[in-house]
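Spelled out from the first residue to the last, the chains are:
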Amino acid sequence: MAASTLDVTTTSDGTLVIHPRCLRADEDATELRRALIHAIRHVRPSYLVLDLADVRELDSINLGALAAACHLGDDHQVTVFVDHTSAGIALLLTAAGVPTHRIRHIL
């Protein structure tokens, strides 16, 4: 993979924002999983936001990683939100077990 497909930033209130630009290849899935696990287990911000504004579709691997991040966050006292997702992806996420209150700003 030539360049990172994830932008990771921290807001002024300490919220960690992970913004995937696309999630298509196996390498993208690996990079996303590593970033999520590192953020939740090691950085442990109060809030972790997954900004999916640039994601048009999710494969089952990435869908499972996002759903697992919400549950792992609960275990480590990190509140995980999914922002700026399409209605279709929001439905997939809820079907995968992401609580509806964690999905915000549906496009």
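Structure report, in brief. (Residues numbered from 1 in each chain as written. Predicted model: local features only at pLDDT ≥ 70, side-chain atom pairs only at ≥ 80, totals over all residues. Heavy atoms only, no water.)

So, on to the pairing of strand β1 (residues 6-10). With five bridges joining them, β1 and strand β2 (residues 16-20) adopt antiparallel strand pairing. Bridge pairing links T10 to L16 in β2. The antiparallel hairpin formed by β1 and β2 contains five residues in its connecting segment, where G14 sits at a positive phi of about 95°. (Pairing = 2+ DSSP bridges. Helix = DSSP H or I, 4+ residues; strand = E, 2+ residues; numbered from the N terminus.)

Another aspect to go through is the sheet that holds strand β4 (residues 79-83). In spatial order, the strands read β1-β2-β3-β4-β5; together these five strands make up an open sheet with mixed pairing. Either end of the sheet is taken by a strand with one partner, and the two such strands are β1 and β5 (103-104). Here three bridges tie β2 to strand β3 (residues 47-51), and the two strands are oriented parallel to one another. Bridging across to β3, I18 finds its partner in L50.

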